[in-house]
Amino acid sequence: MKYSRLLSTTVLALGLTTMAHAAPLVEESDVPGEFSANIGFTTDYTFRGISQTDNEPAVQGGFDYTYDFGPVAVSGGVWASNVKFTDATVEIDYYVGVGGAVDDFSWDVSAIYYSYPGASSSLNYDFFEIAPSVGYDFGFASVSAGINYSPDYFGSSGDAFYYSGGVDIPLGEYFTLSGTIGYQTIDDNAAWGTDDYLDYGISISTEIAGFGVSAGWTDTDLPSSQCSDLCGIFALSVSRSF
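What you see is a predicted model, and the numbers here were worked out from it, not measured in a lab. (Residues numbered from 1 in each chain as written. Predicted model: local features only at pLDDT ≥ 70, side-chain atom pairs only at ≥ 80, totals over all residues. Heavy atoms only, no water.)

Now for the overall build of the protein chain. A count of helical and extended segments in the protein chain gives 2 helices and 14 strands. Out of the 242 residues belonging to the protein chain, those deemed buried represent 35%. When the accessible area of the protein chain is evaluated, it comes to approximately 13000 Å², of which 62% is carbon and sulfur surface. (Helix = DSSP H or I, 4+ residues; strand = E, 2+ residues; numbered from the N terminus. Buried < 20%, exposed > 50% of the residue type's maximum accessible area, 1.4 Å probe, protein only. Areas by Shrake-Rupley, 256 points an atom, 1.4 Å probe, with all protein chains shown as cover.)

What follows covers the side chain of R48. With respect to the element layout, R48 can be found in the loop between β2 (46-47) and β3 (50-51). On the basis of relative accessibility, which here comes to 9%, the residue R48 falls in the buried class. Among the polar contacts listed, one links the side chain of R48 to the side chain of E129, at a separation of 3.0 Å. Once residues lying within four places of it in the same chain are set aside, the contact partners of R48 are Y114, E129, N148, Y153, Y162, Q184, Y197, D199 and T220. (Polar contact = N/O pair within 3.5 Å; in protein donor to acceptor, adjacent residues only side chain to side chain. Contact = heavy atoms within 4.5 Å.)

Once that is clear, we can look at the pairing of strand β9 (residues 142-150). Sheet faces and side chains relate simply in a regular strand, where the side chains alternate between the two faces. Relative to β9, strand β8 (residues 127-137) runs antiparallel, the two being bridged by 6 bridges. What sits directly across from S133, in β9, is G146. Taken together, the 9 bridges between β9 and strand β10 (residues 160-171) define a ladder with antiparallel strand orientation. Looking at the pairing, G146 lines up with S164 of β10. (Pairing = 2+ DSSP bridges.)

Next up on the list: the pattern of salt bridges. Taken as a whole, this structure holds 3 salt bridges when the rule is applied. The closest approach of N and O atoms between E56 and K84, which form a salt bridge, is 2.9 Å. One end of the pair, E56, is in the loop between β3 and β4 (58-68); the other, K84, is in strand β5 (residues 72-85), with 28 residues separating them in the sequence. Through salt bridges with shared partners, a single network forms among D54, E56 and K84. (Salt bridge = Lys/Arg side-chain N within 4 Å of Asp/Glu carboxyl O.)

Now the structure itself:
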């Protein structure tokens, strides 16, 4: 996650294939809540404006569980991607959350643990965040805002806050235009490797034959001396949910 952030493609593909063709172990009505899975490919995995794969492609996927208590739902899941860091090639994230909606207003509070299996413990890559967020759907556009807080960020860089906002605008029936902006603060900038910084992005997405397809650009206000080839990224992504 610092400068360069899987489930094995083969393992994940085999797992999803098995799920699709195996007979169900229990009737759907016997299982509370809802399970789902997702798999995707992107030409460059970026996190808060910075490439996590050194400008190389990534295969990503995850599993989610949601249980609806009426106006409130609880959820949890795991998500993974290949990365390209010193001593780390895999990122696996675990998360739980609770959220709900009242008319067009929505809210969510999540806890996320980012892990990098195989990396030396002395690098202190693993970290935890808590992330409350809110959103509102105006019909012609929906907006969101959130804060992510980590008491000990990536690489033991201390307290870190990430303030973010986003907007999604439907373009007719088939396309959505999205914009994001965020500001990352880190207590120990030397340990992290950059100054506090602003990131921003714009993308357009659609669905083709059940696959989500998007193209987008993301960048930061960091000087080239701190983020040259790893910032200013254009990426194409394809994903599928099950």
